[in-house]
Amino acid sequence: MSAYQENFFARGPSSLAKLTFFSLVAIAVMIADHRFQALSVVRLGVSAVITPIEQALRLPGTLVDRVGVYFRDQQRLVAENAALKLQVLDLSAASQQATLIRSERAYLDSLGAANARFSDQGLVAEIIRDARNPFARKVIIDKGLSHGMAAGFAVIDGKGVIGQITAVGMLSAEVTLTTEKDQSVPVMVVRNGVRAIAVGTGREGTIDLPFIPVGADIQVGDMLVSSGIDGTYPAGLAVATVAVVDKNPAFPFARITANPTAGTDQHRFVKVLTSPDTSGYPKPDIKAEERKAARDRSGGAAKRREGR
Amino acid sequence: MDLSPVSREAMRPMARFRLLAGSIFIALILNLLPWSGASLRAHPDFVLLVLLYWSIHQPRNIGQGWGFVLGLVMDVANSVLLGQHALIYVVAIYLAQLLRLRVLQLSLLEQALHILAILFVAQTLAILLNLSLGREFPGLLLAVAPLLGAALWIPMNYIATLPRFRRSPIHTTVMR
């Protein structure tokens, strides 16, 4: 039969049957991925194939960038250089102070007075692109498993926390921004040490501080730094500045919105803090918790059966 | 190179395969470009567009099975919930199969309107899926993607029917 001719009699299952079949399989795959993270191995395998293709696609853009940098005018480089020198001078005072403080801290630690949490070990990475999902606030960086990345590492830029690594491929990693919906960072107010949890809203440049009582002492312009109690973000990193405080006595909690200090649209390079010192924290025993939950469920079912 | 009908017949499956695979590959590459910011929300889904084209013009080669597989590939490439593009592609291709005989009778502009409707259904499905997962609605720029996709339908038809590709006789003629 030639390709010009229609097949007069339909062969195989009808398209409605196919639709039903494929939709059910797709929904099953979605549930498997959402509930059990069962397919992360598949994902890792396929991403290892796709990443080199992506890098090849980036090549023309990178070349154009390089040529552009090469021909950038002298004047601007000189100005930038002068500004950077001033900044180095500015920061060197701070860094000397930090060295002093760190040595004092180490001494106090040796006395057993406090737990050292802040470690400045890290790796500089470049932001390749946004994650190709318009519904999520994530970026992709060019360091992966082969550079020792792992899920949970905090990512910062020159101004503060950007987010944390949530998925790792062979040569790239996915960073979920602090502004991603329901992404939370434990913070405290620098001025008075009030603790709170900063929760992303899913919108550009806003973070919420839910469940703060109306009476709490938080003002517009307050600096929020990570408190370090989660063991993911080291203590003392700048997270956000309070922008709106709406204390309505009709509600039990104040409505507080903050703007993140860091921004991925401002910088191309970020630093991944590779060794969060979590030795002082109990490790979550996920398996045991799951077993316990399963036991509770089956126990409940048994009771229900007895009751019947 | 003018081939006799017999030899043309012999080379047909290979040429058809190359055209189908080549167009899907190019669409995948276009989808994998480093889209960012506004272009991430507004760019049309090239893979879906090519799948719709072939499921209308080559229903025996490209159907829901291909949509499912390429959907999974897109899910992994975008590192989103596995199965979401698969579901959207399968539904869109089903709609294309329903409208197929009707669409083939129409002019390109009217065809593009039908494609616009299918792409809107696909985009709505994507938004509903993501909202049900508890994500934030990222803005009305998402509505631009189907519009651009439908606008691309016309140049796409011209490219696919260029004399160079016409030599591999895979385009169904309209039966009136």
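None of the values given here were measured: they were computed from a predicted structure. (Residues numbered from 1 in each chain as written. Chains lettered and ligands numbered in written order. Predicted model: local features only at pLDDT ≥ 70, side-chain atom pairs only at ≥ 80, totals over all residues.)

Participant: Hey, could you run me through the overall build of chain A in this one?
Facilitator: Per the secondary structure count, chain A includes four helices and 13 strands. Considering chain A as a whole, with its 308 residues, one finds that 28% of them fall into the buried category. Excluding contacts between residues fewer than 6 apart, the proportion of contacts in chain A whose partners are at least 24 apart in sequence is 57%. (Helix = DSSP H or I, 4+ residues; strand = E, 2+ residues; numbered from the N terminus. Buried ≥ 20, exposed ≤ 12 C-beta atoms within 10 Å, placed from the backbone. Contact = placed C-beta atoms within 7 Å.)

Participant: Teacher, can you tell me more about the interface of chain B and chain A here?
Facilitator: On the chain A side, the residues contacting the 39 residues of chain B number 39 residues. Elements supplying a minimum of two residues to the side of chain B that touches chain A: α1 (5-32), α2 (37-42), α4 (64-77) and α5 (84-104) of chain B. The element best represented in the side of chain B that touches chain A is α5 of chain B, accounting for seven residues.

Participant: Looking at this structure, how should I read the environment of A27 of chain B?
Facilitator: Residues and elements named next belong to chain B. With respect to the helices and strands, the residue A27 is situated in helix α1. For A27, a count of 20 C-beta atoms within 10 Å puts it in the buried group. On a C-alpha basis, the gap between A27 and V47 in space is 4.9 Å, while along the polypeptide they are 20 residues apart. If sequence neighbours within four positions are ignored, A27 has contacts with F46, V47, L49 and V50.

Participant: How should I be thinking about the nonpolar core in this particular structure?
Facilitator: Nonpolar side chains in soluble globular proteins generally cluster together in the buried interior. Counting residues in hydrophobic clusters, the biggest one holds 46 residues, and the most contacted among them are I141, V155, I156, V161, A198, L224 and V239 of chain A. Among the elements that line this core, the one with the most residues is strand β4 (residues 161-168) of chain A, at five residues. For I156 of chain A, the residues in contact, after removing those within four places along its chain, are V161, I162, L237, A262, V270, K271 and L273 of chain A. Counting residues in each nonpolar core, the second largest holds 44 residues, with L32, L72, M74 and Y89 of chain B among its members. (Core = buried A, V, L, I, M, F, W, Y, C linked by C-beta atoms within 7 Å.)

Participant: How do you make sense of α5 of chain B when you look at a structure like this?
Facilitator: Since one α-helical turn is 3.6 residues long, residues separated by three or four positions face the same way. Its 21 residues place the ends of α5 of chain B 29 Å apart at the C-alpha level, agreeing with the 30 Å of an ideal helix rising 1.5 Å per residue. In α5 of chain B, a bend of some 50° at L98 of chain B exceeds every other bend along the element. (Expected span 1.5 Å × (residues − 1). Bend = angle between axes of the 7 residues up to and from the residue.)

Participant: What should I look at first to understand the packing of helix α3 (residues 46-57) of chain B against α5 of chain B in this one?
Facilitator: Pairs of packed helices are described in terms of their axes, by the angle between the two and the distance that separates them. Residue and element names in this part refer to chain B. Remark: α3 packs on α5, axes separated minimally by 8 Å, with the N-to-C direction vectors making an angle of 40°. Here α3 is positioned oblique relative to α5, judged by the angle of their axes. Every pair of crossing elements has a handedness; the one defined by α3 and α5 is right-handed. Residues L48, L51, L52, S55 and I56 of α3 form the contact with α5, whose own contacting residues are Y89, A92, I93, A96, Q97, R100, V103 and L104. By residue class, the composition of the contact of α3 with α5 is ten nonpolar, two polar and one charged. (Axes fitted to C-alpha atoms, helices over the stretch in contact; angles between N-to-C directions. Parallel < 35°, antiparallel > 145°, perpendicular 65-115°, else oblique. Left-handed = near helix turned anticlockwise from the far one by under 90°. Nonpolar A, V, L, I, M, F, W, Y, C, P; charged D, E, K, R; others polar.)

Participant: Sorry if this is basic, but what is going on with the domain arrangement of chain A here?
Facilitator: Where interface size is quoted, it is often the accessible area lost as the parts come together. Residue and element names in this part refer to chain A. For chain A, the assigned domains are domain 1 (15-70) and domain 2 (121-273). Taken together, the contact between domain 1 and domain 2 spans five residues of the former and five residues of the latter. Here the side of domain 1 that touches domain 2 is composed, by residue class, of two nonpolar, two polar and one charged. (Domains from an automatic or database assignment.)

Participant: Just to check I follow, could you spell out the sheet that holds strand β1 (residues 122-130) of chain A for this structure?
Facilitator: Consider a sheet: its strands pair through backbone hydrogen bonds, and that pairing is either parallel or antiparallel. All names here are of chain A. Read around the closed barrel, six strands run β1-β2-β5-β4-β3-β13, paired in antiparallel fashion. Each strand of the sheet is rotated relative to its neighbour by a mean of 45°, with strand direction disregarded. Looking at chain direction, β4 and strand β5 (residues 173-177) are connected through five bridges and run antiparallel. The partner of G163 across the bridge, within β5, is L177. (Pairing = 2+ DSSP bridges.)

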